[in-house]
Amino acid sequence: MKEAAFKNLIHLEVPEDFVELSEEENKKYFTGNLSRISFRNKEKHILLSLSQSKASFLYRLYGVKTALNGALSGMARSLKDYEALGENESVIFDQKALTAAFSFTAKDADVKQYGELSVFKIKNVFYAIYCVSKFEDKEESKEVFARFRSSLIPMKS
């Protein structure tokens, strides 16, 4: 596993065969103006990403479920053939988190994709972990996704 840091706050690990995306590459895969770190394995068609919302006083009032539902609603509108596949609770970065599984068809190729979106919150900031692979490889990819999520730990001072 290779190590990386996000915002000097979160330590994370990704498999050795993943490459960090540049800002331009992130813009190709993601919309919005969020702080983000992403990794891709081109051969396995797997994309892993961690993003952070801007700090907002109002976010203290919103729960993880509200943030996840908002993100999923946006994805349902923008992703071709979007289908919700279920949701579960977990702990990520020592915080209560929700993960939703979904499928969609890639816009640039008629290939069915499998994805998981996890959301957790620290004070007035939301964090989202977005993982995508080919649908046919979802069982193998789920293990990669779970290892990525569980690798997130606070940076040591």
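Above this text you will find the structure in question.
Computed from a prediction, not measured in an experiment: that's the story for all the values here. (Residues numbered from 1 in each chain as written. Predicted model: local features only at pLDDT ≥ 70, side-chain atom pairs only at ≥ 80, totals over all residues. Heavy atoms only, no water.)

## Observations regarding the environment of T99
Okay, so step 1: Tracing the backbone shows T99 in strand 7 (residues 95–105).
Okay, so step 2: Look at T99 and you get buried, because its relative accessible area is 6%.
Okay, so step 3: The spacing of T99 and F120 is 21 residues in sequence and 9.1 Å in space, taken between C-alpha atoms.
Okay, so step 4: There is a polar contact of 2.6 Å between the side chain of T99 and the side chain of S118. (Helix = DSSP H or I, 4+ residues; strand = E, 2+ residues; numbered from the N terminus. Buried < 20%, exposed > 50% of the residue type's maximum accessible area, 1.4 Å probe, protein only. Polar contact = N/O pair within 3.5 Å; in protein donor to acceptor, adjacent residues only side chain to side chain.)

## What to know about the sheet that holds strand 10 (residues 153–154)
Okay, so step 1: In spatial order, the strands read 1-2-10; together these three strands make up an open sheet with antiparallel pairing. What marks the edges here is a single partner per strand, and that holds for strand 1 (2–6) and strand 10.
Okay, so step 2: As judged from the two bridges shared by strand 2 (residues 10–14) and strand 10, these two strands associate in the antiparallel manner. For I10, the partnering residue across the bridge sits in strand 10 and is P154. (Pairing = 2+ DSSP bridges.)

## Some words on the sheet that holds strand 7
Okay, so step 1: Strand order in the open sheet formed by seven strands is 3-4-5-9-8-7-6, with antiparallel pairing between adjacent strands. Two strands in the sheet have a free side with no partner beyond their single neighbour: strand 3 (19–20) and strand 6 (80–92).
Okay, so step 2: The sheet contact formed by strand 4 (residues 35–41) and strand 5 (residues 46–52) spans seven bridges and is antiparallel. By the bridge assignment, I37 is partnered in strand 5 with L50.
Okay, so step 3: Along the sheet, helix 2 (residues 64–78) makes contact with strand 6, strand 7, strand 8 (112–122) and strand 9 (125–134), crossing strand 8 at roughly 150 degrees. (Contact = heavy atoms within 4.5 Å. Axes fitted to C-alpha atoms, helices over the stretch in contact; angles between N-to-C directions.)

## Some details on the pairing of strand 4
Okay, so step 1: Sheet analysis places strand 3 next to strand 4, joined by two bridges and oriented antiparallel. Within strand 4, the residue paired with E20 across the bridge is F39.
Okay, so step 2: Hairpin remark: strand 4 followed by strand 5, antiparallel, with four residues in the connecting loop; positive phi at H45, about 60 degrees.

## Here we look at the layout of surface pockets
Okay, so step 1: Taken as a whole, the largest pocket encloses approximately 1,400 Å³ of empty space.
Okay, so step 2: Around the largest pocket, the lining is made up of 45 residues, and of these Y29, F30, L47, L79 and Y130 lie nearest the centre.
Okay, so step 3: Residues belonging to the lining of the largest pocket are distributed by class as follows: 23 nonpolar, 13 polar and nine charged.
Okay, so step 4: Volume-wise, the second largest pocket comes out at about 280 Å³.
Okay, so step 5: For the lining of the second largest pocket, the element with the highest residue contribution is strand 4, accounting for four residues.
Okay, so step 6: Residues that form the lining of the second largest pocket fall into these classes: four nonpolar, seven polar and four charged. (1 Å grid on protein atoms, 1.4 Å probe; cavity = no way out; pocket = protein on both sides within 12 Å on 5 of 7 lines; lining within 4 Å. Points joined across faces, edges and corners; volume = space filled by probe spheres on them. Nonpolar A, V, L, I, M, F, W, Y, C, P; charged D, E, K, R; others polar.)

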